[in-house]
Amino acid sequence: MIPYGRQDIQQDDIDSVTEILKSEFLTQGPTVPFFEQAVAKRVNAKHSVAVNSATSALHISCMALGLKKGEIFWTVPNTFVASANCGLYCGAKVDFVDIDPDTLNISIHSLQQKLEKARVENCLPKIIIPVHFSGAPTAQDEIFRLSKEYGFNVIEDASHAIGATVGDEPVGSCRWSDITVFSFHPVKIITTGEGGVAVTNDSDVASKLRLYRNHGIIRDSEKQKQKGGWFYEQVDLGFNYRMTDLHAALGLSQIKRLKKYINTRNQLAERYKEMLSGLPVKLPIHPDGVESSWHLYVIQLNEAHRRREVYDYLRSEGVGINVHYVPVHLQPYYQKMGFKQGDFPVAEDYYKRAITLPLFPTMTLADQDKIITALRGALK
Ligand SMILES: *Cc1c(COP(=O)(O)O)cnc(C)c1O
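Here is a short report on the structure shown in this document. Only a predicted model underlies this, so the values are computations on that prediction, with no experimental measurement involved.

**A word on the side chain of Ser293**
Position of Ser293 relative to the elements: it lies in the loop between β13 (290-291) and β14 (297-301). Overall, the relative accessible area of 0% leaves Ser293 in the buried class. A distance of 2.7 Å separates the side chain of Ser293 from the backbone oxygen of His160, its partner in a polar contact. If we ignore the near neighbours within four places in the chain, the residues touching Ser293 are Gly135, His160, Ala161, Ile162, Gly163, Ala164, Ile189, Ile262 and Arg265.

Written out as structure tokens, the structure reads:
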């Protein structure tokens, strides 16, 4: 079965991790800061905090921005559940903003309307978490403008989007946001096994992220001089969300190939575009100036009612297509909160038509031909 996504592990990666296994530190050694610096440099951010998953990064990002019990945060329904769960961990209340039918990212029009309504009803969000779906950046500059007008913070969920750019601006520069989060799960652009990084340009926010990833413990060098080198204090309630040096070592060797991965993904996406033209499907649409990292290649069937049949057919032909995403608000857990079918019609209609075709850097042209032939067969 050709999977929809797969990691690429080379000898360099194996050597990099093996070196750590033979070294003094498996965790809390020097490799985690090296990886953090490599990510910060690549995305042009000042501070970088590595953790054990993007989910953890999203959670402590909400905490670092002070999200409290009963406060409100918004994200999109067309995402992985972690984008919404992160604020619930803080006891906050979630709501969603529908997506744009073309970009499949947060609809700026819907966002503006919802903000205006929330201002009148006095229930504005404290944080908004836009998602760069499939690796295609959202209109962060417009969200930033609205954040100034309505007074909310922004966490970019860039789990799909390391290596993507808007004009000259890499996703992660945080020019238009407080924090950006990346995931390094094996299906994503580069991997650490499990792992995530939060980047920010705000040094206070960075300190809080570090505090919450490590039990809420600080080690003050002045106090250590007074009381002894062992001395530490827990000043807040944090977690053990640390990344290990083994994971960081894998990330360090992977990030060296990021540019190459993005180029290959781009070429494969371009080839899909050429070879799928004329089929009864809607292909990805990106605004001018936006360079996707192409985490996912998502098409939409003109005939939604045939999706199940197309899915089953492709799977039976050895093509491991997938669907991203079941709208978060329709998950049973979220329906129990009162969300229901019809709440976010664009995301729901998109979901009924969506198919994710395989796309990963080691996919061969022969794999791609097989996928396209199978899809043509299914759509006959
Ligand atoms: C993968 C993903 C996450 C979670 O990433 P983990 O590193 O697996 O915790 C969060 N948001 C989105 C949009 C994702 O795709």
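**Description of the layout of surface pockets**
Over the atoms, a rolling probe the size of a water molecule traces out where space has been left empty. If you add up the space inside the largest pocket, you get close to 320 Å³. Along the walls of the largest pocket sit 22 residues, with Phe80, Ser183, His185, Lys188 and Tyr325 positioned nearest its centre. Within the residue set of the lining of the largest pocket, elements represented by two or more residues are α3 (54-64) and α4 (82-88). With three residues, the single largest contributor to the lining of the largest pocket is α3. Along the lines of polarity and charge, the residues of the lining of the largest pocket split into eight nonpolar, 11 polar and three charged.

**Comments concerning the sheet that holds strand β1 (residues 47-51)**
Taken in spatial order, the seven strands line up as β1-β9-β8-β5-β4-β2-β3 in an open sheet, and their pairing is mixed. The open sheet is flanked by β1 and β3 (93-96), the only strands paired with a single partner. When strand polarity is set aside, the average angle formed by the axes of neighbouring strands in this sheet is 20°. Bridging between strand β5 (residues 153-157) and strand β8 (residues 179-183) involves three bridges; their strand directions are parallel. In the strand pairing of β8, Glu156 is matched with Thr180. Strand contacts of helix α5 (residues 108-120): β2 (72-75), β3 and β4 (127-129), with the helix running at about 165° to β2, the strand carrying the most contacts.

**Thoughts on the pattern of salt bridges**
Applying the stated rule across the entire model yields 18 salt bridges. Linking Glu71 and Lys126 is a salt bridge whose minimum nitrogen-to-oxygen distance equals 3.9 Å. With Glu71 in the loop between α3 and β2 and Lys126 in the loop between α5 and β4, this residue pair connects regions lying 55 residues apart in the sequence. Look at Glu71 and you get partly exposed, because its relative accessible area is 27%.

**Focus: the sheet that holds β14**
Within the open sheet, the three strands sit side by side as β12-β14-β15. Their pairing is antiparallel. Edge positions in the sheet fall to β12 (281-282) and β15 (354-357), since each of these pairs with one other strand and no more. Where β12 meets β14, two bridges bridge the pair, whose relative direction is antiparallel. Bridge assignment links Val281 to a residue of β14, and that residue is Leu301.

About the thresholds
Residues numbered from 1 in each chain as written. Predicted model: local features only at pLDDT ≥ 70, side-chain atom pairs only at ≥ 80, totals over all residues. Heavy atoms only, no water. Helix = DSSP H or I, 4+ residues; strand = E, 2+ residues; numbered from the N terminus. Buried < 20%, exposed > 50% of the residue type's maximum accessible area, 1.4 Å probe, protein only. Polar contact = N/O pair within 3.5 Å; in protein donor to acceptor, adjacent residues only side chain to side chain. Contact = heavy atoms within 4.5 Å. 1 Å grid on protein atoms, 1.4 Å probe; cavity = no way out; pocket = protein on both sides within 12 Å on 5 of 7 lines; lining within 4 Å. Points joined across faces, edges and corners; volume = space filled by probe spheres on them. Nonpolar A, V, L, I, M, F, W, Y, C, P; charged D, E, K, R; others polar. Pairing = 2+ DSSP bridges. Axes fitted to C-alpha atoms, helices over the stretch in contact; angles between N-to-C directions. Salt bridge = Lys/Arg side-chain N within 4 Å of Asp/Glu carboxyl O.

By themselves these figures say nothing about function.
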